[in-house]
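Listed below are the residues making up each chain.
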Amino acid sequence: WESFIAHVPLTTDPAQVATFKAKLDAAGVKMLAHGVHAFGTDKAANRKIFEGAKALGVTTLSADPTAESFDHLEELVDEFKINIAIHNHGPGSRYDKISSVVDAVKGRHKRIGACVDTGHFLRSNESPVAAVEALGERVYGCHLKDVKDAKTFTLLGKGDLDIIGVMKALKKLKFKEVLALEYEENPQNPIADIRECLAAVRAAADKL
């Protein structure tokens, strides 16, 4: 599972860490990723995020780092053995195109990679399959979302996402990180929609 700070805050407080871990264990959930985090020039703030991630057993931080943060992030990913996965946030964002993510990670530490958000790449008129292929072994996470006509978020399988294509590309990479199913359009009553999205993913998996 990839958690969000509203679900599981990053903390190094031993009592809080124990409480969160107990809840996860009781539910049979392994939290591998956490995000999306902002990283900038404040080294103390950057380090605090990594310390919290390590305390909770997180192995990947999905992130929206500034260009100025990368030198420090290289030190942190090496020290903590935790990956940074740049998350694309769609049109107008810092990393809206495949090329912007590729350029950001080029020549950087191997633990600095990407979290491919399929819905936001569709909103940017980019191919999620091409994104996975271009970033290759630097893909440390994937948020599965579907979008129609580069505008409207839909249930998986109802938009323009090539679910099978994305999963084939991930399978080719022997992807073992978090594949997160996201549908946020019905927050008050999400379960039926999430089940439908999950069914679409399982149907695609059966065709791999």
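Scope of this entry: the structure provided in the associated data block. (Residues numbered from 1 in each chain as written. Predicted model: local features only at pLDDT ≥ 70, side-chain atom pairs only at ≥ 80, totals over all residues. Heavy atoms only, no water.)

Helix and strand content of the protein chain: 8 helices and 9 strands. With the principal axes as the frame, the protein chain shows a C-alpha extent of 45 × 40 × 30 Å. Considering the protein chain as a whole, with its 208 residues, one finds that 46% of them fall into the buried category. In the protein chain, the share of contacts with a sequence separation of at least 24, taken over all contacts with a separation of at least 6, comes to 73%. Put simply, the protein chain shows about 10700 Å² of open surface, and 51% of that area lies on carbon and sulfur atoms. In the protein chain, 28 side chains carry a positive charge and 29 a negative one; their mean positions are 5 Å apart. (Helix = DSSP H or I, 4+ residues; strand = E, 2+ residues; numbered from the N terminus. Buried < 20%, exposed > 50% of the residue type's maximum accessible area, 1.4 Å probe, protein only. Contact = heavy atoms within 4.5 Å. Areas by Shrake-Rupley, 256 points an atom, 1.4 Å probe, with all protein chains shown as cover. Lys, Arg positive; Asp, Glu negative; His and termini not counted. Charge placed at Lys NZ, Arg CZ, Asp CG, Glu CD.)

Moving on, we get to the packing of aromatic side chains. Summed over the entire model, instances satisfying the criterion amount to 2 aromatic pairs. Judged by centre distance (5.6 Å) and plane angle (45 degrees), the ring pair of F50 and F80 falls under tilted. Taken together, the positions of F50 in helix α2 (residues 43-56) and F80 in helix α3 (residues 70-80) put the pair 30 residues apart, joining distant regions of the chain. Like F80, F50 is buried. (Phe/Tyr/Trp six-rings, centres within 6.5 Å; stacked < 30°, edge-to-face > 60°.)

This part takes up the pairing of strand β4 (residues 83-87). Among the 5 residues in β4, 5 count as buried, and that is most of the element. The alternating pattern of β4 places N83, A85 and H87 and I84 and I86 on opposite faces, both of which are buried. Pairing analysis gives 4 bridges linking strand β3 (residues 60-65) to β4, with the strands arranged parallel. Residue T60 lies in a different strand from β4, and its bridge partner there is N83. (Pairing = 2+ DSSP bridges.)

The next point concerns the environment of H143. Secondary-structure assignment places H143 in strand β6 (residues 139-144). Among the residues examined, H143 registers a relative accessible area of 6% and is labelled buried. A sequence separation of 23 residues divides H143 from H120, and the C-alpha atoms of the two residues are 9.3 Å apart. The residues contacting H143, other than those within four sequence positions of it, are E2, H87, C115, V116, D117, T118, A180 and E182. Of the polar contacts made by the side chain of H143, one reaches the side chain of H87; its length is 3.2 Å. (Polar contact = N/O pair within 3.5 Å; in protein donor to acceptor, adjacent residues only side chain to side chain.)

Here the structure, examined in full by the defined rule, presents 10 salt bridges. Salt-bridge contacts for K81 lead to D78; the nearest nitrogen and oxygen are separated by 3.6 Å. Here D160 makes a salt bridge to K148, at a shortest N to O gap of 3.4 Å. With D160 in the loop between β8 (152-154) and α7 (163-172) and K148 in strand β7 (residues 146-148), the pair connects residues that are 12 residues apart, well separated along the chain. (Salt bridge = Lys/Arg side-chain N within 4 Å of Asp/Glu carboxyl O.)

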